[in-house]
Amino acid sequence: MAQPRLLCLVLLALAVSAQALTPSHHLTASDVARLEARLGQPFTDLQSAYFSIVGLSKLGVTVADADDACRFLTSNLDPTNIESLFFAAESSQALSGCEIPVSNETRDLLLAAVSEDSTVSQIYQAVGALSALGLPLASQEVVSALSARITKEDSVLGIINALQTAARLSQQAELGSILEEIEDLAARLDDLGGLFLQFEEGLEATALFVSSAYALSDHMDMEPPLKEDQVIQLVNSIFSKKSWDSLSEAFSVACAAAALSNNRFHVPVIVSAQGPATVSHSQPVLQLQVTDVLCQPLVSASVLVESASSVASKSVILSKAPFALRDGVFELNFMDSQPASGYYQFAVAVTGDSRLIANHVELKVKVSTEVAITNMDLSVVDKDQSIGTKTTRVDYPSKAKNSFIADSHQNFAMSFQLVDVNTGVELTPHQVFVRLHNQKTGQEVVFVAEPDNKNVYKFELDTAERKSEFDSMSGTYALYLMVGDATLQNPILWNVADVVLRFLEEEAPATIQPKTLYVPKPEIKHLFREPEKRPPTVVSNTFTALVLSPFLLLLILWFKLGANIANLSLSPSTVLFHLGHAAMLGLMYVYWTHLDMFQTLKYLAIIGSLTFLAGNRMLAQKAVKRIAAEQSSRLAKYRSLR
């Protein structure tokens with residue numbers, strides 16, 4: 001029993017590995033251009049300048065006028081504000097020849113911010129400014145301050161800022177505890193359908209996590225604790241959005257794209273066809289684009305077809321064939337393998353760099369061809385074989401010169417073959433139809449042509465059996481052959497001949513009207529059931545009297561027994577209780593005559609609540625009176641005994 005279970009587990013593991021994730025979203029060339037345009041907007045303040053200048057540098061682009069950008073930074077700098085110093089200093093690093101003036105007061109302000117009393121964001125901005133300005137700082141003290149603040153600010157953005165800060169510290173500092181936060185943050189990611197991973201905080205936090213995790217891992221030369229599937233899910237999540245709501249969101253996407261395309265450990269591979277994944281004898285070369293997530297070609301990679309198999313027959317026709325690199329595009333002449341038309345499943349491997357992930361992909365490639373019609377034979381066959389059959393051959397795309405006449409004693413027959421123009425191999429396309437069109441009435445009748453075991457298509461029309469499909473309308477019908485398939489470059493609609501069909505006169509309709517679906521339909525009139533007749537008035541009155549008789553009997557019994565009406569208290573609660581009770585009885589009558597269930601329940605809730613409160617108050621008063629009367633009687637009895 002143990003061996004079969006072990007075998008099942010192995011097969012399951014192989015199936016899971018064979019269905020490894022590949023990036024379904026990435027930045028195309030147009031996406032990168034749109035991202036550059038979003039980041040290249042005019043500056044409004046230091047923060048927008050930081051997002052634009054640094055974000056463009058992540059994409060390998062510089063601002064249009066570096067001198068104007070530098071003057072904007074220095075003119076808007078507030079040397080007494082840590083955030084302002086961070087934005088200006090970080091931006092100046094991406095501009096050549098731009099220096100930010102630093103005074104002793106500025107240095108002391110930044111160093112003072114590196115403490116446990118500051119937030120993680122303030123520590124990150126202070127360390128970033130000090131690092132960008134080239135000022136010394138005690139890295140271990142920063143680590144201690146960060147560790148203390150993380151325990152107090154256990155938020156996603158706070159820990160991301162801590163990772164960004166640690167990437168700017170000395171490698172001699174004890175950064176291991178900060179690096180461990182990457183795994184803790186990865187555990188907080190939400191898995192959406194096995195395709196996406198993201199934080200509840202949104203796209204910006206997810207993208208900054210990726211960039212900061214790889215920045216710190218590269219800085220420490222330690223692989224981040226992220227699995228390959230997790231990286232691919234993060235890629236799908238970050239790049240699935242093609243328009244960005246804010247400048248900061250576009251900046252975060254640029255940072256993530258730069259980190260995923262240039263780090264020491266994981267570089268996701270994007271493999272896509274250059275244009276449609278289709279080859280033919282006129283276009284025999286399959287072209288693939290192999291890029292990173294930033295749409296930069298991986299020209300140093302090697303691309304290999306591990307196998308190419310037919311989707312229909314599952315037979316492998318190509319294996320271990322390399323692609324050739326030409327002008328940044330990988331090419332393979334697949335038609336050299338002489339594949340038949342159809343669809344083929346390609347297993348492609350991208351190698352040449354140990355950092356590559358998602359480098360085993362599957363592509364579906366279509367091999368298209370042109371179809372030719374051969375051996376088109378038309379004939380009218382007499383059912384009793386009394387007249388010899390005469391066959392007429394028609395060559396595509398010509399039309400038969402003479403019409404073919406068939407009545408109820410004859411069958412019209414057609415046979416032909418479909419072959420590949422380039423190879424001569426017989427084809428069986430998915431769609432082969434014979435259409436008969438009455439040009440006078442506009443009526444159309446379509447039949448399916450089926451091939452026999454020798455792939456010869458045959459169609460035979462028995463006018464006697466098929467008369468109902470033509471509504472017994474005699475006349476001249478144009479005969480068309482329609483051939484279509486997704487793999488055909490030249491779908492065919494061929495007017496082969498004219499066929500005159502003659503049906504029995506008594507079977508023909510009195511008037512021949514063209515059929516059309518787009519005419520008004522007759523109005524549908526609903527006939528509701530008429531209500532039943534009411535019973536006679538005598539029966540209704542008798543039933544009403546019987547219903548009211550118990551109430552009359554109650555009054556008679558009260559009179560005979562002597563009802564103690566004098567004991568009825570006229571306190572407000574008593575009066576309200578009896579009025580509420582009477583109102584509920586009246587409500588039952590109104591429900592019977594005017595109201596529906598929901599209206600009645602609404603009114604009953606109001607009246608019932610008031611009646612309940614009044615009844616409770618009335619009973620409480622009676623209980624007080626009864627207790628007082630009992631105490632008085634006991635006191636009188638006690639006095640009589642004395």
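Just so it is clear, the model here is predicted, and its values are computed rather than measured. (Residues numbered from 1 in each chain as written. Predicted model: local features only at pLDDT ≥ 70, side-chain atom pairs only at ≥ 80, totals over all residues. Heavy atoms only, no water.)

## Thoughts on the overall build of the chain
Rule in force here: Working definition: helices are DSSP H or I runs of at least four residues, strands are E runs of at least two. Numbering for both runs from the N terminus. Computation of the radius of gyration draws on C-alpha atoms, with the globule rule given as 2.2 Å multiplied by the number of residues to the power 0.38. For every residue, the accessible area obtained with a 1.4 Å probe (protein chains only) is divided by the maximum for its type, and the residue is called buried under 20%, exposed over 50%, and partly exposed between those limits. We call two residues contacting when some pair of their heavy atoms lies within 4.5 Å. Here the Shrake-Rupley method, with its probe set to 1.4 Å, supplies the accessible areas, and only the displayed protein chains count as covering residues. Two residue types count as positive, namely Lys and Arg, and two as negative, namely Asp and Glu; His and chain ends fall outside the count. By convention, the point assigned to a charge is CZ for Arg, NZ for Lys, CD for Glu and CG for Asp.
Counting its regular elements, the chain contains 16 helices and 23 strands. Over its C-alpha trace the chain gives a radius of gyration of 45 Å, far above what one expects of a compact globule, namely 26 Å for 642 residues. In terms of principal-axis extent, the alpha carbons of the chain reach across some 140 × 110 × 70 Å. Relative to its full complement of 642 residues, the chain shows a buried share of 40%. Considering only contacts within the chain whose residues lie at least 6 apart along the sequence, 69% involve residues at least 24 apart. A total accessible area of about 37600 Å² is found for the chain, and carbon and sulfur atoms account for 56% of it. Side-chain charges of the chain comprise 48 positive and 67 negative groups, with the mean position of each set lying 18 Å from the other.

## Observations regarding the pairing of strand E17 (residues 410–420)
Rule in force here: We call two strands paired when DSSP finds no fewer than two bridges between them.
Counting buried positions along E17 gives 11 out of 11 residues, so the element sits mostly inside the fold. Of the two faces of E17, the one carrying Gln 410, Phe 412, Met 414, Phe 416, Leu 418 and Asp 420 and the one carrying Asn 411, Ala 413, Ser 415, Gln 417 and Val 419 are both buried. Alignment of strand E14 (residues 371–382) against E17, held across 10 bridges, turns out to be antiparallel. Bridge pairing in E17 places Leu 378 opposite Met 414.

## Quick word on the side chain of Thr 291
Mapped onto the fold, Thr 291 is located in strand E6 (residues 285–291). Aside from chain neighbours lying at most four places away, what touches Thr 291 is Pro 268, Val 269, Ile 270, Gln 296, Pro 297 and Leu 298.

## A word on the state of the cysteines
As a reminder, the rule being used: Any cysteine sulfur atom paired with another within 2.5 Å is treated as part of a disulfide.
One pass over the structure, following the stated rule, counts one disulfide. Between the sulfur atoms of Cys 70 and its disulfide mate Cys 98 the distance is 2.1 Å. The sign of the 85° torsion about the S-S bond sets the Cys 70-Cys 98 disulfide as right-handed. Taken together, the positions of Cys 70 in helix H4 (residues 66–76) and Cys 98 in the loop between helix H5 (82–93) and helix H6 (104–113) put the pair 28 residues apart, joining distant regions of the chain. When its relative accessible area of 14% is taken as the criterion, Cys 70 is described as buried. Take Cys 255: it sits in no disulfide, and the sulfur closest to it among the cysteines is that of Cys 295, at 19 Å. The class for Cys 255 is buried, based on a relative accessible area of 8%.

## A short note on the sheet that holds strand E9 (residues 324–326)
The line we're drawing: For helices, the fitted line uses only the C-alpha atoms of the stretch in contact; every axis is such a line through C-alpha atoms, and the angle between N-to-C directions lies from 0 to 180 degrees.
Spatially, four strands are ordered E4-E6-E10-E9 in an open sheet, and the strand pairing comes out antiparallel. Taken across any chain shown, the strands that pair with only one partner, and hence form the sheet edges, are strand E4 (270–273) and E9. Each neighbouring strand pair of the sheet contributes to a mean axis angle of 35°, computed without reference to strand direction. The pairing of E4 with E6 spans four bridges and is classified as antiparallel. For Ser 272, the partnering residue across the bridge sits in E6 and is Gln 289.

## Examining the packing of helix H10 (residues 176–187) against helix H11 (residues 203–220)
Applicable threshold: A clockwise turn of the near helix away from the far one marks a right-handed crossing, whereas an anticlockwise turn of less than a right angle marks a left-handed crossing.
At a closest axis distance of 11 Å, the pairing of H10 and H11 adopts a crossing angle of 145°. Pair H10 / H11 crosses with left-handed handedness. Contacts between H10 and H11 involve Gly 176, Ile 178, Leu 179, Ile 182, Leu 185 and Ala 186 from the former and Phe 209, Ala 213, Leu 216, Ser 217 and Met 220 from the latter.

## Topic: the pattern of salt bridges
Condition: For salt bridges, the criterion is a side-chain nitrogen of Lys or Arg within 4 Å of an Asp or Glu carboxyl oxygen.
Within this structure, the stated rule accounts for 17 salt bridges. Between Glu 90 and Arg 168 there is a salt bridge, with the nearest N and O atoms lying 3.4 Å from each other. One end of the pair, Glu 90, is in helix H5; the other, Arg 168, is in the loop between helix H9 (156–166) and H10, with 78 residues separating them in the sequence. Where salt bridges share partners, they join Asp 31, Arg 34 and Lys 242 into one cluster.

## Quick notes on the environment of Gly 275
The residue Gly 275 is located in the loop between E4 and strand E5 (278–279) in this model. Here the alpha-carbon distance between Gly 275 and Lys 152, two residues 123 residues apart in the chain, equals 53 Å.

## With respect to the sheet that holds strand E22 (residues 475–484)
Pairing is mixed across the open sheet formed by five strands, whose spatial order is E16-E23-E22-E18-E19. Of all strands in the sheet, those with a lone pairing partner are strand E16 (404–406) and strand E19 (444–448), marking the two edges. Sheet twist, expressed as the mean angle between neighbouring strand axes with direction ignored, is 30°. Where strand E18 (residues 431–438) and E19 come together, five bridges link them in antiparallel fashion. What sits directly across from Phe 433, in E19, is Val 448.

## Overview of the nonpolar core
Formally: We call a set of buried residues a nonpolar core when its members are Ala, Val, Leu, Ile, Met, Phe, Trp, Tyr or Cys and they connect through side-chain atoms within 4.5 Å of each other.
Leu 35, Leu 39, Phe 209 and Phe 239 are the most contacted members of the largest nonpolar core, which has 93 residues in total. Looking at which element gives the most residues to this core, the answer is helix H13 (residues 247–261), with 10 residues. Sequence-distant contacts of Leu 39, that is, excluding residues within four places in its chain, are made with Phe 51, Ser 52, Gly 55, Leu 56, Leu 59, Leu 247, Ala 250, Phe 251 and Ala 254. Counting residues in each nonpolar core, the second largest holds 37 residues, with Leu 436, Phe 470, Leu 488 and Trp 494 among its members.

## So, the pairing of E22
Most of E22 sits out of view: seven of its 10 residues are buried. Pairing of E18 with E22 involves eight bridges; the strand directions are antiparallel. Bridged to Asn 438 within E22 is Tyr 477. Pairing analysis gives nine bridges linking E22 to strand E23 (residues 492–501), with the strands arranged antiparallel. Bridge assignment links Ala 478 to a residue of E23, and that residue is Asp 498.

## Describing H13
As a reminder, the rule being used: Any helix carries an expected span of 1.5 Å times its number of residues minus one.
An ideal rise of 1.5 Å per residue puts 21 Å on 15 residues; H13 measures up with 21 Å between its terminal C-alpha atoms. Burial runs high along H13: 15 of the 15 residues are buried.

## Structural notes on helix H12 (residues 228–239)
With 12 residues, H12 should reach 16 Å at 1.5 Å per residue; the first-to-last C-alpha distance of 17 Å fits that figure. Most of H12 is tucked away, with 10 of its 12 residues classed as buried. Those residues of H12 that fall on the buried side of the exposure criterion are Gln 230, Val 231, Ile 232, Gln 233, Leu 234, Val 235, Asn 236, Ser 237, Ile 238 and Phe 239. Buried-residue contacts for H12 involve strand E1 (190–192), strand E2 (196–198), H11, H13, strand E3 (267–268) and strand E12 (356–357).

## Observations regarding a nonpolar patch on the surface
Using the following cut-off: Residues enter patches when they are more than 30% accessible in relative terms and free of salt bridges; like-charged ones are connected within 9 Å and nonpolar ones (Val, Leu, Ile, Met, Phe, Trp, Tyr) within 5 Å.
Residues Phe 551, Leu 552, Leu 554, Leu 555, Ile 556 and Trp 558 make up a contiguous nonpolar surface patch of roughly 590 Å² in combined accessible area. Along the chain, Phe 551 turns up in helix H14 (residues 537–561). With relative accessibility at 52%, the residue Phe 551 sits in the exposed group.

## A closer look at the confidence of the model for the chain
Residues shown with low pLDDT carry predicted positions that ought not to be read at fine detail. Operational definition: In predicted models, pLDDT denotes the confidence assigned by the predictor to each residue on a 0 to 100 scale.
Here the chain shows a mean pLDDT of 85. Residues at 70 or above account for 93%. Contacts for the low-pLDDT stretch residues 1–19, under 50 throughout, to residues beyond four places or in other chains number zero contacts. This model gives residues 506–510 a pLDDT under 50, and the stretch forms six contacts once residues within four places in sequence are excluded.

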